[in-house]
Amino acid sequence: MRTVFRRLLVGYDGSETARKAMLAAFELAQAFRGEVVALAVARPPEFAELEGEVNSALEEARGTLAEAFGWARNEAQKRGVNFKARTQVGHPAETLVRLAEEEHFDLIVLGRRGLTPVQRWMLGSVSERVLRYAPCAVMVVH
Ligand SMILES: Nc1ncnc2c1ncn2[C@@H]1O[C@H](COP(=O)(O)OP(=O)(O)OP(=O)(O)O)[C@@H](O)[C@H]1O
Ligand SMILES: [Mg+2]
């Protein structure tokens, strides 16, 4: 069993909760002298068929996320944490799980879902799926 978390994968959708998850991952990376990869998954446009449409969705997402990643990069730098940001198009949970598998991450770090009264009782749909299918430990930051 692996209880040392060196390779940390953060699911990043730019939300406040995901930012908290990112900061928790940075603390773990400092403690374990590990590295953090943040993955933002952009959904493809609903009826995209041409590769060009998917590419332009990716470009658009990259633009929106550039700012959010800038914040993360800056926070990582302040703490001396090795950090990389990535963007992929696909289903968020599936893409996170696949990357964790393929690149042998030790831990996936996610934020909790937004806080409407009903949602308080449930995990978000992404965190729920990642927890179910992850090949490694998962942390949901509150
Ligand atoms: N598109 C995404 N790419 C990467 N990580 C994501 C993405 N969406 C969610 N996550 C991760 O999952 C965490 C929980 O988000 P989730 O989507 O499960 O909840 P929610 O957005 O509040 O609810 P829902 O999407 O089910 O309405 C986020 O804080 C983030 O860490
Ligand atoms: Mg969501």
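Worth saying up front: this structure is predicted, and the values here are computed from it rather than measured.

A few words now on the layout of surface pockets. Looking at the largest pocket, its volume works out to about 370 Å³. Lining the largest pocket are 20 residues, and of these Asp 13, Ser 15, Gly 111, Val 126 and Ser 127 sit closest to its centre. Among the secondary structure elements, those contributing two or more residues to the lining of the largest pocket are α1 (16–32), β2 (35–42), α3 (92–102), β4 (107–111) and α4 (125–133). Of the residues in the lining of the largest pocket, the class split is nine nonpolar, eight polar and three charged.

With that settled, the discussion passes to the packing of α3 against α4. Closest axis-to-axis distance for the α3/α4 pair is 8 Å, and the angle between their directions is 35°. The element α3 and its partner α4 pack so that their crossing is right-handed. Along the contact surface, α3 presents Pro 92, Ala 93, Leu 96 and Val 97, while α4 presents Val 126, Arg 129, Val 130 and Tyr 133. Its residues assigned to classes, the contact of α3 with α4 shows seven nonpolar, no polar and one charged.

On to the site of ligand 1, then. Near ligand 1 there are 18 residues, and of these Gly 11, Val 41, Arg 113, Gly 114 and Ser 125 occur at the shortest range. At a separation of 2.8 Å, a nitrogen atom of ligand 1 approaches a polar backbone atom of Val 41. Within the backbone of Gly 111, one N or O atom sits 3.0 Å away from an oxygen atom of ligand 1. Most atoms of ligand 1, that is more than half of them, are within 2 Å of grid points of the largest pocket. For the shell around ligand 1, the class distribution of residues is nine nonpolar, seven polar and two charged.

Right, let's get into the environment of Thr 95. Looking at where Thr 95 falls in the secondary structure, it is placed in helix α3. Counting along the chain gives 35 residues from Thr 95 to Glu 60, while the straight-line C-alpha distance between them is 18 Å. Setting aside its immediate chain neighbours within four residues, Thr 95 contacts Leu 39, Val 41, Gln 88 and Gly 90. Polar contacts involving the side chain of Thr 95 include one to the main-chain carbonyl oxygen of His 91, which spans 2.7 Å.

Thresholds applied
- Residues numbered from 1 in each chain as written.
- Chains lettered and ligands numbered in written order.
- Predicted model: local features only at pLDDT ≥ 70, side-chain atom pairs only at ≥ 80, totals over all residues.
- Heavy atoms only, no water.
- 1 Å grid on protein atoms, 1.4 Å probe; cavity = no way out; pocket = protein on both sides within 12 Å on 5 of 7 lines; lining within 4 Å.
- Points joined across faces, edges and corners; volume = space filled by probe spheres on them.
- Helix = DSSP H or I, 4+ residues; strand = E, 2+ residues; numbered from the N terminus.
- Nonpolar A, V, L, I, M, F, W, Y, C, P; charged D, E, K, R; others polar.
- Axes fitted to C-alpha atoms, helices over the stretch in contact; angles between N-to-C directions.
- Left-handed = near helix turned anticlockwise from the far one by under 90°.
- Contact = heavy atoms within 4.5 Å.
- Near = heavy atom within 4 Å.
- Polar contact = N/O pair within 3.5 Å; in protein donor to acceptor, adjacent residues only side chain to side chain.
- Sits in = over half its atoms within 2 Å of the grid points.

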